[in-house]
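Commentary on secondary and tertiary structure
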Amino acid sequence: QVQLVESGGGLVQPGGSLRLSCAASGSIFSMNSMGWYRQAPGKQRELVANILRGGDTNYADSVKGRFTISRDNAKNTVSLQMNNLKPEDTAVYFCHAYIMTTVYWGQGTQVTVSS
């Protein structure tokens, strides 16, 4: 069993920054990818960014140049640095891990961008 624990959400003004972190514990050997999805009210859950086993990264077009995903293998954590936040970034952000053939989700953390 794998547990994903997120931290770092909150309220920030437009143009501000937040950093999300996700710590994975349990049987995480052979992790294929780890990353972040988000879901805004009334919208489908969408990929924000992920990092693959070999280190390659993927970003949603809407966050390229503003968000950076990174991984600390020693601590089994993945972080998402979010800069120049916009109101449309408001959503619940979910940590995601794909390990062997199973997908795991964190409980979600709220990010609100508002003045």
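Definitions and limits used
- Residues numbered from 1 in each chain as written.
- Predicted model: local features only at pLDDT ≥ 70, side-chain atom pairs only at ≥ 80, totals over all residues.
- Heavy atoms only, no water.
- Disulfide = S-S within 2.5 Å.
- Helix = DSSP H or I, 4+ residues; strand = E, 2+ residues; numbered from the N terminus.
- Buried < 20%, exposed > 50% of the residue type's maximum accessible area, 1.4 Å probe, protein only.
- Contact = heavy atoms within 4.5 Å.
- Phe/Tyr/Trp six-rings, centres within 6.5 Å; stacked < 30°, edge-to-face > 60°.
- Lys NZ or Arg CZ within 6 Å of the ring centre and 35° of its normal.
- Pairing = 2+ DSSP bridges.
- Axes fitted to C-alpha atoms, helices over the stretch in contact; angles between N-to-C directions.
- Patch = residues over 30% accessible without salt bridge, like charges linked within 9 Å, V, L, I, M, F, W, Y side chains within 5 Å.
- Areas by Shrake-Rupley, 256 points an atom, 1.4 Å probe, with all protein chains shown as cover.
- Salt bridge = Lys/Arg side-chain N within 4 Å of Asp/Glu carboxyl O.

Remarks on the state of the cysteines
Applying the stated criterion to the full structure yields one disulfide. One disulfide bridge connects Cys22 with Cys95, the sulfur atoms lying 2.0 Å from each other. Here the S-S torsion is close to -85 degrees, and the disulfide linking Cys22 with Cys95 is therefore left-handed. Taken together, the residues Cys22 in strand S3 (residues 18–26) and Cys95 in strand S9 (residues 91–99) connect sequence positions 73 residues apart. Of the two residues, Cys22 and Cys95, both sit in the buried class.

Comments concerning the side chain of Asn50
Residue placement: Asn50 occurs in strand S5 (residues 46–52). Asn50 sits in the buried class, given a relative accessible area of 11%. Excluding residues within four positions of it along the chain, Asn50 makes contact with Ser33, Met34, Gly35, Asp56, Thr57, Asn58 and Ile69.

A short note on the packing of aromatic side chains
Taken as a whole and judged by the stated rule, the model has two aromatic pairs. With a centroid separation of 5.1 Å and 75 degrees between ring planes, the pair formed by Tyr37 and Trp105 is classed as edge-to-face. Highlighted residues: Tyr37 in strand S4 (residues 31–39) and Trp105 in strand S10 (residues 102–105), separated in sequence by 68 residues. Classification of Tyr37 by relative accessible area gives partly exposed; the value is 21%. Ring pairing ties together the aromatic residues Tyr37, Phe94 and Trp105, which thus form one cluster. In this structure, Arg45 is placed above the aromatic ring of Phe94, and the distance from its NZ or CZ to the ring centre is 3.7 Å. The ring of Trp105 has Arg45 lying over it, and the distance from NZ or CZ to the ring centre is 4.6 Å.

Here's the deal with the side chain of His96
Position of His96 among the secondary structure elements: in strand S9. For His96, the residues in contact, after removing those within four places along its chain, are Leu4, Ser33, Met34, Gly35, Tyr37, Val103, Tyr104 and Trp105.

A short note on the sheet that holds strand S8 (residues 77–82)
If you walk across this open sheet you meet the four strands as S1-S3-S8-S7, and the pairing is antiparallel. Where the open sheet ends on each side, the last strands, each with one partner, are strand S1 (2–7) and strand S7 (67–72). Taken over all neighbouring pairs, the strand axes of this sheet differ in orientation by 15 degrees on average, direction set aside.

A short note on a nonpolar patch on the surface
A cluster of nonpolar side chains, Tyr98, Val103 and Trp105, forms an exposed patch at the surface whose accessible area comes to about 260 Å². When its relative accessible area of 36% is taken as the criterion, Trp105 is described as partly exposed.

Quick look at the pattern of salt bridges
In this structure the tally under the stated criterion is four salt bridges. As a salt-bridge pair, Glu46 and Arg38 come within 2.7 Å of each other at their nearest N and O atoms. Taking the relative accessible area as the measure of exposure, Glu46 reaches 35% and is therefore partly exposed. A salt bridge links Lys64 to Asp61; its shortest N-O distance comes to 3.1 Å. For Asp61, a relative accessible area of 65% gives the class exposed.

Taken by themselves, the reported measurements are silent on function.
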